[in-house]
Every structure is written in C-alpha cells, then in structure tokens.
Amino acid sequence: MGVKAIPEGFHSITPYLGIQKAAEAIDFYKKAFNATEVMRLAMPDGGIGHAELRINGYPIMLGTPCDQGPLSNPDRSPSVGLHLYVEDVDSAFTQAIEAGGTVISEVKDQFYGDRTGTLKDPYGHLWFLATHKEDLSQEQIEQRAREIFQQQG
C-alpha cells in the first residue's frame, strides 16, 4: 500500500477563525483553496456572525470578531495556524499565492516526511500546506532531526 498524501486521522479538528473582513476572507478561501460555502449568517452591520466552509470536504468556521466573543482579528501576529493536507502541495500552494496569499516559506521536502510550504492569507492567518510523502516512525523522524541540527550547528 502506497503512502497516502493525506494521512489518516487529519479530519477531527475544526478551526474557527476571527477575521475582521470575513466576507472577503470567504471569497479568498474559495479562490485559494476551492472552499465551498455551507452557510453564512450575515449581520445587519455587514459583518459575518458565523460562516461554515468546506475545504476538501473538511469544515472550517469563521466570523467577524465582536466585543461579546472570544476571537480577535490577527493583525501583525497570527493567532491561528492551519495545517492543510492536499494531494498536490505544489499546485495548491501556487493557486493560493495567485489568489493573494503571501509566501512565508517555499514548498520543500521536510525531514518528517511531508512536502510543505507556508503562506499567510490576506487576513493575517498562516496556512501550512502539505502533502505527505513518507510514512516514518518517530525514531526515524528524531534521527533525521538530529542530523539536521548537527549540520547546522
């Protein structure tokens, strides 16, 4: 059996984002990650009280921050990082950058068995896009990490 690009078990957590320009963010996520909109609760002031999207069939929730809620909009320091496994990280990363994302780190093979790139969306959130390339044991990952640290240090 081959390595699965999206490992087992990466579907049980649902991120919830507070985004000041939530409606614009929904449009970005549709363009960048092929998100589908499940529902949107628009507020009288134009904000989004709650929205649910699906990316690759998995849920993500977001809304416009308000004084009554616990979420705030990340301005210069992202409060949430999202790890998104995809079938083809290179094309997904390019698509997200073309949609308006900013490169934080280019896509490259990682010691822990994933090919990963990091971008920031126009609303301040970090996205770690990845394709799983190798099934490794914890010991193999730790050994590779030690080798990297020895080379650097």
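Residues numbered from 1 in each chain as written. Predicted model: local features only at pLDDT ≥ 70, side-chain atom pairs only at ≥ 80, totals over all residues. Heavy atoms only, no water.

An unreviewed UniProt entry lists the protein under the name VOC family protein, from Pseudomonas marvdashtae.

1. Digging into the overall build of the protein
Formally: The way it works is that DSSP assigns letters per residue, a run of H or I at least four long becomes a helix, a run of E at least two long becomes a strand, and they are numbered from the N terminus. To sort residues, take the accessible area from a 1.4 Å probe on protein chains only and compare it with the maximum for the residue type: under 20% means buried, over 50% means exposed, and anything in between is partly exposed.
When helices and strands are counted, the protein shows three helices and eight strands. Along the protein, helices (α) and strands (β) appear in the sequence β-α-β-β-β-β-α-β-β-β-α when read from the amino end. Within the protein, the proportion of its 153 residues that are buried is 35%.

2. Side note on the packing of aromatic side chains
Threshold: Think of it this way: a Phe, Tyr or Trp ring, Trp meaning its six-membered ring, pairs with another when their centres are within 6.5 Å, and the plane angle makes it stacked under 30 degrees, edge-to-face over 60, tilted otherwise.
Applying the stated criterion across every chain yields a total of seven aromatic pairs. Both rings, one in Tyr29 and one in Phe33, keep their centres 6.2 Å apart while their planes meet at 25°; by these two values the pair is stacked. Here Tyr29 and its partner Phe33 are both found in helix 1 (residues 22–33), four residues apart, which amounts to about one turn of the helix. Neither Tyr29 nor Phe33 differs from the other in exposure class; each is buried. Ring centres 5.3 Å apart and planes at 55° place the aromatic pair Tyr29 and Trp127 in the tilted group. A residue pair is termed long-range when its members are at least 10 positions apart, and Tyr29 in helix 1 and Trp127 in strand 8 (residues 126–132) qualify at 98 residues. Since its relative accessible area comes to 0%, Tyr29 is described here as buried. Owing to a relative accessible area of 2%, Trp127 belongs among the buried residues under this scheme. Ring-pair connections join several aromatic residues into one group, and the members of that group are Phe28, Tyr29, Phe33, Tyr123 and Trp127.

3. Quick word on the side chain of Thr118
Filter applied, for reference: By definition in these notes, contact holds between two residues if any of their heavy atoms fall within 4.5 Å.
Checked against the element boundaries, Thr118 lands in strand 7 (residues 114–120). Not counting the four nearest positions on each side in its chain, Thr118 is found in contact with Phe93, Thr102, Val103, Ile104, Ser105, Leu126, Trp127 and Phe128.

4. Remarks on the side chain of Thr131
With respect to the helices and strands, the residue Thr131 is situated in strand 8. Given a relative accessible area of 5%, Thr131 falls into the buried group. Beyond its immediate chain neighbours, meaning those up to four positions away, Thr131 contacts Ala5, Tyr85, Val86, Glu87, Asp88, Val89, Gly113, Asp114 and Arg115.

5. Quick notes on helix 2 (residues 89–98)
What counts, and what does not: For this quantity, the arc is that covered by the directions from the helix axis to the C-beta atoms. Here a polar contact is taken to be a pair of N or O atoms separated by no more than 3.5 Å, where protein atoms must pair a possible hydrogen donor with a possible acceptor and residues adjacent in sequence count only if both atoms sit in side chains.
Residues of helix 2 that are buried include every one of Val89, Ala92, Phe93 and Ala96, and no others. Taken end-on, helix 2 shows its buried residues confined to a sector of 100°, consistent with a single buried face. Summarising the contacts, the buried residues of helix 2 are in contact with helix 1, strand 6 (102–109), strand 7 and strand 8. For helix 2, the side-chain oxygen to backbone nitrogen distance between the N-cap and Asp90 is 3.2 Å, and the N-cap itself is Asp88. Note on helix 2: the residue one or two positions beyond its end, Gly100, has a positive phi of about 125°.

6. Digging into the environment of Ile104
Considering the arrangement of structural elements, one finds Ile104 in strand 6. Spatially, the C-alpha atoms of Ile104 and Leu126 are 8.5 Å apart, while their sequence positions differ by 22 residues. For Ile104, the contacting residues outside a window of four places in its chain are Thr118, Leu119, Lys120 and Leu126.

7. So, the pairing of strand 7
The line we're drawing: Strands qualify as paired when DSSP identifies two bridges or more between them.
By the criterion of burial, strand 7 is predominantly enclosed, with five of the seven residues buried. Sheet analysis places strand 6 next to strand 7, joined by five bridges and oriented antiparallel. Pairing of Lys108 across the sheet is with Thr116, part of strand 7. The antiparallel pairing of strand 6 with strand 7 creates a hairpin that spans four residues between the two strands, and Gly113 there sits at a positive phi of about 100°. With seven bridges connecting them, strand 7 and strand 8 associate as antiparallel partners. By the bridge assignment for strand 8, Arg115 is matched with Thr131. Joining the antiparallel neighbours strand 7 and strand 8 is a turn of five residues, in which Gly124 adopts a positive phi near 95°.

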